[in-house]
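Coordinate inspection notes
The lines below spell out each chain.
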Amino acid sequence: MIEEKHVNVLKTIVGEDFVTTSKPIRVSYIAKSIMDIDSETADVIIRPESVEEIQEILKYANEHKIPVTPQSKGLSGGTATPTIPGGILLDLSRMDKIIEVDLDSRYMVVEPGVTNGQIWGYFREHYPEWVPPIPDGAPSEGSVVGNTLDRGFSVVTSKYGPQADLCLGLEVVLPTGEVLKTGSWALPGAKPFYRWGIGPDMTGLFLGAQGTMGVITKLATQIVPHMPYIDLELLGFETAQELQDISLDILKQEIGVMVQGGPWWLVPGVRQREELEKQGLLDIDAWRQKKYYVPNYMMNFEIWAKTEPELQEQKQTIKEIVEEWRNKGAKAEILPIHPKAKATRLKKPNKIAIPYASYERTSKKGGGFLFITWYLPWKDTAEFCQICEDEMPKYGFDPIYWVASIKNGRDCIGMPIVCYSAQDPESVKAVNEFDKATSEIFLDRGWLNYRPRKLVHAPMMYERAPDYYNMLVKFKKLLDPNGIMHPGSLNMNFLEGYP
Ligand SMILES: Cc1cc2nc3c(=O)[nH]c(=O)nc-3n(C[C@H](O)[C@H](O)[C@H](O)COP(=O)(O)OP(=O)(O)OC[C@H]3O[C@@H](n4cnc5c(N)ncnc54)[C@H](O)[C@@H]3O)c2cc1C
């Protein structure tokens with residue numbers, strides 16, 4: 001437990017009201033991480049308001065070797081904060097200013113506490129023709145900064161690439177108290193318009209770093225046009241191979257801002273399992289024979305256009321490609337969508353992911369779900385589907401998983417959605433065993449976990465890439481000589497006393 005004398009000094013930096021060691025409050029920070037099974041409890045929560053306060057906190061923590069875990073909104077869904085018990089949890093949610101929107105160079109600058117809901121609402125009110133890259137299915141209370149640092153995927157990832165690709169520059173406070181700006185921002189007076197900056201770009205060291213390298217206090221990221229004509233095309237497929245190949249043909253036409261789907265299991269996955277069992281609806285045939293018809297696999301193509309004819313043209317292209325494949329014997333079809341389902345899907349930020357938490361929930365079990373997310377080449381999507389279908393049932397999970405296109409189908413985000421009982425140790429054990437076993441299979445194929453868990457993906461990935469890991473540790477030691485930043489995360493465990 002952190003000594004009281006340290007807490008008192010920290011209070012002098014940010015003010016008494018913004019430092020707490022209250023147990024219920026500290027524990028409530030864990031409860032916020034809906035999908036997180038590795039989080040521990042910090043000793044003290046600090047809520048700074050400025051860069052200067054963060055500099056002071058980090059200098060003090062560095063001097064006294066106190067671990068610091070930065071958190072923007074704590075809804076990462078897979079990245080534990082903190083990964084080890086104790087230390088300071090730096091809650092950055094008070095830093096919630098939208099600092100700049102530049103419609104000519106098309107970027108925005110935001111602080112870590114700016115939420116998805118806040119920035120989306122701000123753009124709808126002030127800049128309705130533009131879109132800030134909020135994550136696709138994440139809660140409204142999550143942050144764009146956290147999502148970018150996590151290298152997540154946004155509402156426009158299928159067209160413009162994942163969040164990290166849109167990042168133009170960062171302002172970072174290092175554990176030494178120094179402030180670093182990356183990209184063109186590094187040049188005093190320059191705007192953050194150019195990611196690659198004035199020399200070798202350092203931005204990437206902080207993306208995917210899970211708070212192990214420094215505290216990000218500002219993010220400059222691209223904004224993209226919000227088209228007035230929007231629609232959703234739902235495609236059904238007989239096989240995962242059809243899903244992969246037919247979607248790729250459409251994606252090569254650069255159609256769709258968000259293109260995502262998966263097996264029929266996604267549909268019952270958002271309902272209460274108990275209820276489905278009672279009604280006999282956990283059987284695919286029951287679904288197919290009744291009015292609940294669903295095809296084996298589905299993809300949603302969210303399409304945006306400047307004009308109605310442009311929208312129709314894109315829909316026509318999809319139709320023609322599906323017809324071509326049908327002529328070759330494929331069972332693909334364009335399906336009607338219920339207006340309510342369409343409205344739910346098109347709403348931003350949407351709440352699509354949340355109901356998975358009720359899937360396993362009964363009076364006896366606590367509902368829990370974990371999105372375990374992988375990046376792979378799109379041409380491996382069918383293989384990914386098959387592995388999920390083979391492996392998930394072995395560990396007692398229904399094969400609920402999700403796939404989405406990145407940059408017009410160059411890559412795929414593949415995600416087993418593990419619905420488990422958070423209050424049942426056996427269920428948690430099964431999650432870990434499943435995760436480890438599938439990580440071996442996925443890593444063997446050269447696929448990457450993008451939000452590595454401390455006990456599973458991080459050690460497994462780095463073990464396979466020792467040269468890369470050793471170089472990363474050298475960079476880490478340069479930026480964070482005492483290893484105070486989020487020890488335990490990303491396998492960087494070298495703060496004495498913190499395994
Ligand atoms: C129901 C649900 C649905 C989701 N759907 C999506 C989705 O569709 N797309 C998607 O990409 N993600 C999704 N996520 C994941 C998650 O919401 C995002 O990655 C999220 O935006 C992270 O933001 P945050 O502020 O909550 O991050 P946090 O949890 O605060 O932090 C994430 C990581 O970054 C580090 N970090 C945070 N802020 C800083 C900082 N300022 N400086 C240094 N390090 C920092 C933390 O230490 C942590 O390791 C979902 C999560 C949930 C719970």
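Everything quoted here is computed from the prediction, not taken from an experiment.

A separate point is the pairing of strand β8 (residues 167-173). The buried fraction of β8 is high, at 7 of 7 residues. As paired strands, β8 and strand β10 (residues 215-222) are joined by 6 bridges and run antiparallel to one another. Across the sheet, the residue bridging to Cys-167 is Thr-221, located in β10. Judged from the 3 bridges that link them, β8 and strand β9 (residues 179-181) form a sheet pairing that is antiparallel. Among the inter-strand pairings, Val-172 is bridged to a residue of β9, identified as Leu-180. Count of turn residues in the β8/β9 antiparallel hairpin: 5 residues, of which Gly-177 carries a positive phi of about 95°.

The next point concerns the sheet that holds strand β6 (residues 107-110). A sheet is described by the order of its strands in space; here 5 strands give the open sequence β5-β6-β10-β8-β9, paired in antiparallel fashion. The open sheet terminates on both sides in strands that have one partner only, identified here as β5 (98-102) and β9. Averaged over all pairs of adjacent strands, the angle between their axes in this sheet comes to 10°, without regard to strand direction. Here β5 pairs with β6 via 4 bridges, running antiparallel. Across the sheet, the residue bridging to Glu-100 is Val-109, located in β6.

What follows concerns the pairing of strand β12 (residues 229-237). Pairing of β12 with strand β14 (residues 297-305), which is carried by 9 bridges, proceeds in the antiparallel orientation. Its bridge partner being in β14, Asp-231 is matched across the sheet by Ile-303. Two strands pair when backbone bridges link them, and β12 and strand β15 (residues 333-335) are joined in this way by 3 bridges, in the antiparallel orientation. Following the sheet pairing, Leu-234 is matched in β15 by Leu-335.

The rules we used
- Residues numbered from 1 in each chain as written.
- Predicted model: local features only at pLDDT ≥ 70, side-chain atom pairs only at ≥ 80, totals over all residues.
- Buried ≥ 20, exposed ≤ 12 C-beta atoms within 10 Å, placed from the backbone.
- Helix = DSSP H or I, 4+ residues; strand = E, 2+ residues; numbered from the N terminus.
- Pairing = 2+ DSSP bridges.
- Axes fitted to C-alpha atoms, helices over the stretch in contact; angles between N-to-C directions.

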